[in-house]
Amino acid sequence: MIDIKLIRENTEAVREAMEKVGAEPGLIDRAKELDERWREKNAEVERMRARLNRESKKVKSAPKDVRQSIIDDLRSLGDKIDSLNAEADSTGSELRDVMLNIPNMPDPDVPVGKGEEENVVLRTEGTFPDFEPGFQPRPHWDICTELGIIDFERGAKISGSRFYVLMRNGAKLQRALISWMIDLHVSQHGYTEVYPPAIVQEKCLYGTGNLPKFAENLYKDAEEDLWLIPTAEVPLTNLHREEILSAEDLPLCYTAYTPCFRREKMKAGTDVRGIKRGHQFDKVELMKYVKPENSNAELEKLLDNAEEVCRRLELPYRITQMCTGDLSFVAAKKYDIEIWAAGCEEWLEVSSCSNFRDFQARRAEIRYRPAPQEKPEYLHTINGSGLALPRVMIAVIENYQQPDGSVTVPDILRPYMGGLEKICET
RNA sequence: GGAGGGGUGGCUGAGUGGACGAAAGCGGCGGUCUUGAAAACCGUUGGGGCGCAAGCCCCCGUGGGUUCGAAUCCCACCCCCUCCGCCA
């Protein structure tokens, strides 16, 4: 949530920001109006309640003969308060509903643009694979089926479309990547390893901003208030929900491996081949709780930590910055890391690194105390993948493929693969 | 899933209808004393909302209810602990 005070006091600036991200402009006017109405009603309720409290204290010592009439008066005052308070409450919850649907404000340095096509490629890194002249690199679904390390048909048989089964060295490669990435972030970048629940309560998803707007992308338990996480960002951000942290605890840096579940309902029909976009996938996530004044720098560091995975795997990648029109609902600034996959000839998004500023912190009530005795303030949250497994697998398999159909194991992963140098048909 | 016990401020823990946003102790912060530190002593110390301010309102697991008035009484739910059952 953005600060309601911004809407009250800087209405025009908020309107401009909403224009840039392509949000419905009426939301701001609606919020402003509801806020004014709520404050009026609430102030009235509080004035009446003050009177009720004051008079109630007198009842005990009131002379017997007037006592009953005072009580009668107060009872009717109480009834009035109840009904006016109900109005105030419903206005308040209407306001909250509107606020929950207002997206974050973009940072001033985010390029203005309407959509995906106006994102900016900041830089391209690494070297592209050097295949023999005349060799046409193949897509991973062909390579992996032939090697017997991914079984698409049986995945569909068990669970339907957009599911697959990793087999043998395919499963092992994923496991190696997970372990190696976590080790890298813990030992080289100073993150704390976490294994959180992959099923969470609804309020967690409000905290991160997945709800109320994006329910159609999520799986949920039909009977209980429990939802499958679409990313580890959800449990990691809720780890400190409704807490007040002390300044010296910050930054808190977490890394977690979890499965992720997405209904992908909106994307039906696209990317159905291969393992690029499944309903279930695995991810190693990076997440930070930081002081507001450090969030710019911390985002750059997190991006660099995620990039380190690409560098050490020696994969070609590029960094793009999202324009205002392609920012997520919650992000104030966002970079994507995309790895080049030589077989399907695509830049694959393997990480989105975002600064949410206090947007999620406000929703999830995560604060910190700048100094002892000082008032708590909302902190900033930052998050990015480090990295998403299936797409890194695609890139490794397609970029390290050999003309004989085998796949060379990147040097850095060999210790995690029992020394295996090459994945061959088995 | 069944039975019993319990959820109060950073922590321990009192509080069974009005003077309680809450005793006391510990911890934290500030000060006195001291060359410095410790001890001792004094003061201070939860969160939120509205308001220029004075101030007012709300919060004792959560949500309802009773009452002029609820931390305190009633109902429902949640969580934790112990025992039994089941189970990877």
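The residue numbering used here restarts from 1 in each chain and proceeds along that chain's sequence as written. Note on labels: chains are lettered from A, ligands numbered from 1, in written order. Given that the model is predicted, a residue must reach a pLDDT of at least 70 before its local features are reported, and side-chain atom pairs must reach 80 or more before they are shown or counted; all residues, however, enter totals for whole chains, interfaces and linings. Hydrogen atoms and water are omitted, and side-chain values are computed over all heavy atoms in the structure.

Novice: Just to check I follow, could you spell out the overall build of chain A for this structure?
Specialist: Only runs of H or I of at least four residues qualify as helices and only runs of E of at least two qualify as strands under DSSP, and these elements are numbered from the N terminus. Per the secondary structure count, chain A includes 12 helices and 17 strands. For the C-alpha atoms alone, the extent of chain A along its principal axes is close to 105 × 45 × 45 Å. Scored against the burial criterion, the 426 residues of chain A give a buried share of 50%. Any two residues whose heavy atoms approach within 4.5 Å at even a single point are treated as in contact. By sequence separation, contacts in chain A at least 24 residues apart represent 74% of the contacts at least 6 residues apart. Each accessible area is a Shrake-Rupley estimate made with a 1.4 Å probe; only the visible protein chains count as cover when residues are assessed. Surface accessibility of chain A: about 20700 Å² in total, with carbon and sulfur atoms responsible for 47%. Note on exposure labels: buried denotes an accessible area under 20% of the residue type's maximum, exposed denotes more than 50%, and partly exposed covers the range between, all computed with a 1.4 Å probe on protein chains only.

Novice: How should I be thinking about the protein's contact with RNA strand B in this particular structure?
Specialist: Any residue with a non-hydrogen atom lying within 4 Å of a molecule or strand is treated as near it. R39, S56, R75, R367 and R369 are the nearest of the 19 residues found near RNA strand B. Restricting the count to atoms of RNA strand B within 4 Å of the protein gives a sugar and phosphate share of 78%. Looking at the surface near RNA strand B, the elements that each hand over two or more residues are α3 (26–59), α4 (64–100) and β13 (366–369). The dominant element in the surface near RNA strand B, judged by the number of residues it contributes, is α3, at nine residues.

Novice: Looking at this structure, how should I read the sheet that holds strand β7 (residues 243–246)?
Specialist: What links the strands of a sheet is backbone hydrogen bonding, and the strands pair in either a parallel or an antiparallel sense. Strand pairing follows a simple DSSP-based rule, namely that at least 2 bridges must link the two strands. In spatial order, the strands read β7-β13-β14; together these three strands make up an open sheet with mixed pairing. For this open sheet the edge positions go to β7 and β14 (377–378), each flanked by a neighbour on one side alone. Summarising the sheet, β7 and β13 pair through four bridges and their orientation is parallel. When the sheet's bridge partners are listed, S246 is paired in β13 with R369.

Novice: What is the right way to look at the environment of R96 in this model?
Specialist: As for its placement among the helices and strands, R96 is situated in helix α4. It is 24 Å that separates the C-alpha atoms of R96 and E224, two residues lying 128 residues apart in sequence.

Novice: I would appreciate a short explanation of the domain arrangement of chain A in the present structure.
Specialist: A common way to state how big an interface is: give the accessible area lost once the parts meet. When the domains of chain A are assigned, the result is domain 1 (4–99) and domain 2 (116–423). Each of domain 1 and domain 2 has a C-alpha centre, and the two are 43 Å apart. In this document the domain limits rely on a domain assignment from an automatic tool or a database.

Novice: Where do I start with helix α7 (residues 168–187) in this structure?
Specialist: Residues spaced three or four apart along an α-helix point in a common direction, a consequence of the helix completing one turn every 3.6 residues. Compared with an ideal rise of 1.5 Å per residue, which puts 20 residues at 28 Å, α7 spans 28 Å between its outermost C-alpha atoms and is within 8% of the ideal. Residues of α7 that are buried: N169, G170, L173, Q174, A176, L177, I178, W180, M181, I182, L184 and H185. To estimate how far a helix should reach, multiply one less than its number of residues by 1.5 Å.

Novice: Just to check I follow, could you spell out the environment of A371 for this structure?
Specialist: Considering the arrangement of structural elements, one finds A371 in the loop between β13 and β14. Considering only alpha carbons, one finds A371 and E248, 123 residues apart in sequence, at a separation of 8.8 Å.

Novice: Looking at this model, I keep getting lost on the sheet that holds strand β15 (residues 380–388). Mind explaining?
Specialist: Strand order in this open sheet of eight strands is β1-β10-β11-β12-β15-β9-β8-β4, and the pairing throughout is mixed. Of all strands in the sheet, those with a lone pairing partner are β1 (120–125) and β4 (192–194), marking the two edges. Looking at each pair of strands side by side, their axes are set apart by 25 degrees on average, direction ignored. With nine bridges connecting them, strand β11 (residues 333–341) and strand β12 (residues 346–357) associate as antiparallel partners. Angles run from 0 to 180 degrees between N-to-C directions of axes, and those axes are lines fitted to C-alpha atoms, restricted for helices to the stretch in contact.

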